[in-house]
Amino acid sequence: MTFQYLLDACLNVLSPANFLMLAAAVLAGLIMGMLPGLSATMAIALLTGLTYNVGDHQTAIIALLGVYVGAISGGCQSAILLNIPGTPASAATALDGFPMARQGNGGLAIFIATTASCLGTILSVIFVLTLTPLLTSFALKFASWEFFFLSIFGILICGTLTARGNALKGWISGICGLLTAQIGLDTVDTFARFSYGNVNMMSGIQLIPVMIGLFGFPEIVKAFKSGSEAKVLQLTSFNILKGFRIVRDNIVGVVRSAFIGVGVGIIPGVGEDVGGWLSYWAMKASGRNTDGFGKGDPRGIVAAETGNNACVGGAIIPVLSLAVPGSAPAAVLMAAFFMHNYRPGPLLMTESPEFLYNVAVYLVFASVLMWLIALGMARVTVRVLTVNKKLLMPVVFLLCVVGAYLINYNLFDVKVMFFFGLIGLAMSYMNVPAAPFILGVVLGSMADSNLRRALRLSDGSFLPLFERPISVAFLIVCVLMILSQTGLLAWLRGKVKRER
Amino acid sequence: MDEKIKDTVFGVVLFALGSYVAAESVLMIGRAANPPLRIRQLSVSPGLFPLVLGLLLVLFSVLLIAGSLKGNEKPLSVFADRLKTSFSAMRAAFGNNDFLSMLIGVVMMFVYCFFVVGNIPFWGGAVGFLVAMMVFLRFAGPAGCSARAANLGVIVLTALVSASLVVFLFEKIFKTVLP
């Protein structure tokens, strides 16, 4: 059956319309990923609105996965030639990519980065195919308490890992997201919360306008500031043979980075940038002659790009098995899956088992096409880097408005996008991460309904929670995380030591 | 603004938000206890989760403020000083060109989102918005930047082509209806 599903998916993607759509989506993703300020999240969010009316749902899914892979990979070109990562995922690539470009090896750096990106995604697909069914069967043991704690665990870990030093800010961001999800009629009793009699508010706040606002709006507004225009370095020859040799010589690092990337991707809400940084760090820590890192060592590029692209597959695993997104772009992707009549979660392998294989095959095709397009059209696409953002950003804002509107054909969503854009701007100024906020919006309804369902079944008693091993494990991890991040764990340890 | 001052101000705003959410949730619990729902048990009330979130927000905002004031001998006077500093920083921002550019840009986007979209045919509104925005950025941009170098003809042409492409893509190719 598995073979049949894989074959069907291949035939699907190879149909002329779908293949063209995939190529166009990958190219669009590459361009959006290259442009600093236009993130992968924003690219998928915009395309979600765009694909809403596409008749064939498979075509829409192909386009969304194509733009995801393209955007995460495209960021490396601006990181290498401009020293400005196109997406946060490519931040670690700039460390060695830009010095290489300054040494006259920009083409080679782009070749290595693109090849590593392609390998990262393909390796992550192996994990998608093997881990998703396992996690799905494990998730079938989940009941209301487990789902509630899974949401809380997701927010806590995402807040901790994205807040860069101050976990409290990440958690606050997550709570604000959870609160946003409480607006509208609740799913258990259809009681109107924070709606103030407004019909639009009663139907709740849609994820896509919030996402476009939080991620797109601040970048558009920041482009209005004056600043010197960055100089794009010249794209030199790819030096393909040398590039392949470098990748082959570092194949162990590629596999290790893929493992790290998938692992990071599976953690709820933690994105591709963390995958890139951790892989870079692991390559540096395990390698010999590491003095060249940060000065143009190709091993740094190999690790960073494999790691961040492996996150693509990693982030999709919890989407498919638990309906919990592994990263911010995966959160939009999940919303898009729901919009196109797929229900990711523990029942996915029962209700539509073919979907997992479709996603895996589409990812492989997208990454191979990405490799071909990124290298084949590099001389054309790098010209995009010279486009002035002050002329580009008003057009991007127009697309944000259209993207927000098309979700429900409702002007209220445009206003929501603007409102959350202002919140995103304030959060960016205050150095508060936006990813936990988005995760909160995604998981808010799940957390609330499962908590109340569990309490209703136990007639208001919390005791059944302690009779379920998985929920107790989640509870212990959550409490430990809070205690360690707030310094209370160290304080308690010190107190115990003093008493002894 | 210094990171610690930002944290203090952020904490104050969150404290106000958390208090409001908690108060609103208590009222919600009261409303749910009345007909038609008659949910009198707090643990199953629709106001429970928002109440918990509101209280958590208050708690975390206090921790954030306390963290930002840590190490000061007179935290209360430092707290008051920081609030004053932040107000004066906000006033001073109006004299900053970058801030003004961003503010005017945001106001233009606000006008477009709230008054133009839906009231004027999309194509006309989009061209008008793009031209206005690009002309504004042309004058607001620093000397020597390529946006500044772009002349009015190029701006109008860019706006016309961009708006037409958006309309063509969404209305003709994807068969959607734009506002």
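Predicted, not measured: the structure shown is a model, and the values here were computed from it. (Residues numbered from 1 in each chain as written. Chains lettered and ligands numbered in written order. Predicted model: local features only at pLDDT ≥ 70, side-chain atom pairs only at ≥ 80, totals over all residues. Heavy atoms only, no water.)

**Student:** Describe the overall build of chain A, listing the residues and the values that go with them.
**Tutor:** Secondary structure assignment for chain A yields 22 helices and two strands. For chain A, the spread of C-alpha atoms along the principal axes amounts to about 70 × 65 × 55 Å. Each of the 500 residues in chain A was classed as buried or not, and the buried ones make up 62%. Nonlocal contacts in chain A, meaning residues at least 24 apart in sequence, comprise 79% of its contacts between residues at least 6 apart. Carbon together with sulfur atoms contributes 65% to the accessible area of chain A, which is approximately 18300 Å² in total. Mean positive and mean negative side-chain charge positions of chain A (31 and 21 charges, respectively) differ by 11 Å. (Helix = DSSP H or I, 4+ residues; strand = E, 2+ residues; numbered from the N terminus. Buried < 20%, exposed > 50% of the residue type's maximum accessible area, 1.4 Å probe, protein only. Contact = heavy atoms within 4.5 Å. Areas by Shrake-Rupley, 256 points an atom, 1.4 Å probe, with all protein chains shown as cover. Lys, Arg positive; Asp, Glu negative; His and termini not counted. Charge placed at Lys NZ, Arg CZ, Asp CG, Glu CD.)

**Student:** Describe helix α9 (residues 207–222) of chain A, listing the residues and the values that go with them.
**Tutor:** The terminal C-alpha atoms of α9 of chain A, which comprises 16 residues, lie 23 Å apart, in line with the 22 Å expected from a rise of 1.5 Å per residue. Residue glycine 216 of chain A marks the point of greatest curvature in α9 of chain A, where the axis turns by about 35 degrees; the proline proline 218 of chain A follows within four residues. (Expected span 1.5 Å × (residues − 1). Bend = angle between axes of the 7 residues up to and from the residue.)

**Student:** Run through the pattern of salt bridges, naming residues and quoting values.
**Tutor:** In this structure the tally under the stated criterion is 12 salt bridges over all chains. For glutamate 3 of chain B, the salt bridge goes to lysine 169 of chain A, with nearest N and O atoms at 3.0 Å. With glutamate 3 of chain B in helix α1 (residues 3–33) and lysine 169 of chain A in helix α7 (residues 167–181), this residue pair bridges two chains. Linked through salt bridges whose partners overlap, the residues forming this network are Asp186, Asp189, Arg193, Asp448, Arg452 and Arg456 of chain A. (Salt bridge = Lys/Arg side-chain N within 4 Å of Asp/Glu carboxyl O.)

**Student:** Requested: an account of a nonpolar patch on the surface, with residues and values cited.
**Tutor:** Residues and elements named next belong to chain B. Together, Phe94, Phe99, Leu103, Val107, Phe110, Val111 and Phe115 make up a nonpolar patch on the protein surface, roughly 600 Å² of accessible area in all. With respect to the helices, strands and loops of the structure, phenylalanine 110 is situated in helix α4 (residues 97–116). The exposure class assigned to phenylalanine 110 is partly exposed, which follows from its relative accessible area of 32%. (Patch = residues over 30% accessible without salt bridge, like charges linked within 9 Å, V, L, I, M, F, W, Y side chains within 5 Å.)

**Student:** Mind laying out the confidence of the model for chain A, listing which residues take part and the relevant values?
**Tutor:** Taken over all residues, the pLDDT of chain A has a mean of 87, while the share at 70 or more is 98%. Confidence, expressed as mean pLDDT per element, reaches its minimum in chain A at helix α17 (residues 378–381) of chain A with 78 and its maximum at α7 of chain A with 94. (pLDDT = per-residue confidence, 0-100.)

**Student:** Mind laying out the environment of valine 221 of chain A, listing which residues take part and the relevant values?
**Tutor:** Here valine 221 of chain A lies in helix α9. On the accessibility criterion, valine 221 of chain A (0% relative accessible area) is buried. The sequence separation of valine 221 of chain A and isoleucine 267 of chain A amounts to 46 residues, and the corresponding C-alpha distance is 31 Å. Apart from residues no more than four positions distant in its own chain, valine 221 of chain A is found in contact with Leu425 of chain A together with Met102, Val106 and Met109 of chain B.

**Student:** Give a description of the interface of chain B and chain A that names residues and reports values.
**Tutor:** Counting from both sides, the interface comprises 66 residues of chain B and, opposite them, 61 residues of chain A. When chain B packs against chain A, the two sides together hide about 5900 Å² of surface, and 80% of this comes from carbon and sulfur. Counting every contact that joins chain B to chain A gives two salt bridges. Close ionic contact of aspartate 7 of chain B with lysine 169 of chain A constitutes a salt bridge, the shortest N to O distance being 2.8 Å. Counting only elements with at least two residues in the side of chain B that touches chain A, the list comes to α1, α2 (48–69), α4, α5 (122–140), α6 (146–149) and α7 (152–173) of chain B. Top element by residues in the side of chain B that touches chain A is α1 of chain B. It accounts for 13 residues. Among the residues forming the side of chain B that touches chain A, the class breakdown is 47 nonpolar, 12 polar and seven charged. (Buried area = accessible area lost by both parts, 1.4 Å probe. Nonpolar A, V, L, I, M, F, W, Y, C, P; charged D, E, K, R; others polar.)

**Student:** Please provide a residue-by-residue account of the side chain of lysine 169 of chain A, values included.
**Tutor:** Of the residues examined, lysine 169 of chain A reaches a relative accessible area of 3% and is grouped as buried. Within the structure, lysine 169 of chain A has its side chain in polar contact with the side chain of glutamate 3 of chain B (distance 3.0 Å). Filtering out sequence-adjacent residues up to four positions away, lysine 169 of chain A remains in contact with Met430, Asn431, Val432 and Pro433 of chain A together with Glu3, Asp7 and Leu64 of chain B. (Polar contact = N/O pair within 3.5 Å; in protein donor to acceptor, adjacent residues only side chain to side chain.)

**Student:** Pulling in residues and values, what's your account of the packing of helix α3 (residues 40–50) of chain A against α9 of chain A?
**Tutor:** Residue and element names in this part refer to chain A. At a minimum axis separation of 9 Å, α3 and α9 run at an interaxial angle of 130 degrees. The angle between the axes of α3 and α9 places the two elements in the oblique class. Here the hand of the crossing between α3 and α9 comes out left-handed. Residue-level contacts link Thr41, Met42, Ala45, Leu46 and Thr48 of α3 to Ile208, Met211, Ile212, Phe215, Gly216 and Ile220 of α9. Looking at the contact of α3 with α9 residue by residue, the class counts come to eight nonpolar, three polar and no charged. (Axes fitted to C-alpha atoms, helices over the stretch in contact; angles between N-to-C directions. Parallel < 35°, antiparallel > 145°, perpendicular 65-115°, else oblique. Left-handed = near helix turned anticlockwise from the far one by under 90°.)

**Student:** Give a description of the packing of aromatic side chains that names residues and reports values.
**Tutor:** This model, assessed by the stated rule, comprises 30 aromatic pairs over all chains. Plain terms: the ring middles of phenylalanine 148 of chain A and phenylalanine 49 of chain B are 6.3 Å apart, the flat faces sit at 75 degrees to each other, and that makes the pair edge-to-face. Taken as a pair, phenylalanine 148 of chain A in helix α6 (residues 144–162) and phenylalanine 49 of chain B in helix α2 lie in two separate chains rather than in one. For the pair phenylalanine 148 of chain A and phenylalanine 49 of chain B, one class covers both residues: buried. (Phe/Tyr/Trp six-rings, centres within 6.5 Å; stacked < 30°, edge-to-face > 60°.)

**Student:** Describe in detail the nonpolar core, supporting the description with residues and values.
**Tutor:** In globular proteins that are soluble, nonpolar side chains generally tend to be buried together. Phe397 of chain A together with Met109 and Tyr112 of chain B are the most contacted members of the largest nonpolar core, which totals 217 residues. Both domain 1 (3–93) and domain 2 (97–173) of chain B contribute no fewer than three residues apiece to this core. In contact with phenylalanine 397 of chain A, not counting residues within four places along its chain, are Phe217, Ile220 and Met417 of chain A together with Met109, Tyr112, Cys113 and Phe129 of chain B. (Core = buried A, V, L, I, M, F, W, Y, C linked by side-chain atoms within 4.5 Å. Domains from an automatic or database assignment.)

**Student:** Could you give an account of unusual backbone geometry, naming the residues involved and the relevant values?
**Tutor:** Geometrically, the link from proline 35 of chain B to proline 36 of chain B is a cis peptide bond, its omega value of 5 degrees lying close to zero. Residue placement: proline 36 of chain B occurs in the loop between α1 and α2. Within the chain, asparagine 239 of chain A stands out as a residue other than glycine whose phi angle is a positive 55 degrees. Locating asparagine 239 of chain A in the fold gives a position in the loop between α9 and α10 (240–249).

**Student:** Residues and numbers for the environment of glycine 70 of chain A, please.
**Tutor:** Residue and element names in this part refer to chain A. Note that glycine 70 resides in helix α4 (residues 57–82). The class of glycine 70 is buried, set by a relative accessible area of 0%. As a C-alpha pair, glycine 70 and isoleucine 172 span 102 residues in sequence and 32 Å in three-dimensional space. Those residues in contact with glycine 70 that sit more than four places away from it in its chain are Val26, Gly29, Leu30 and Met370.

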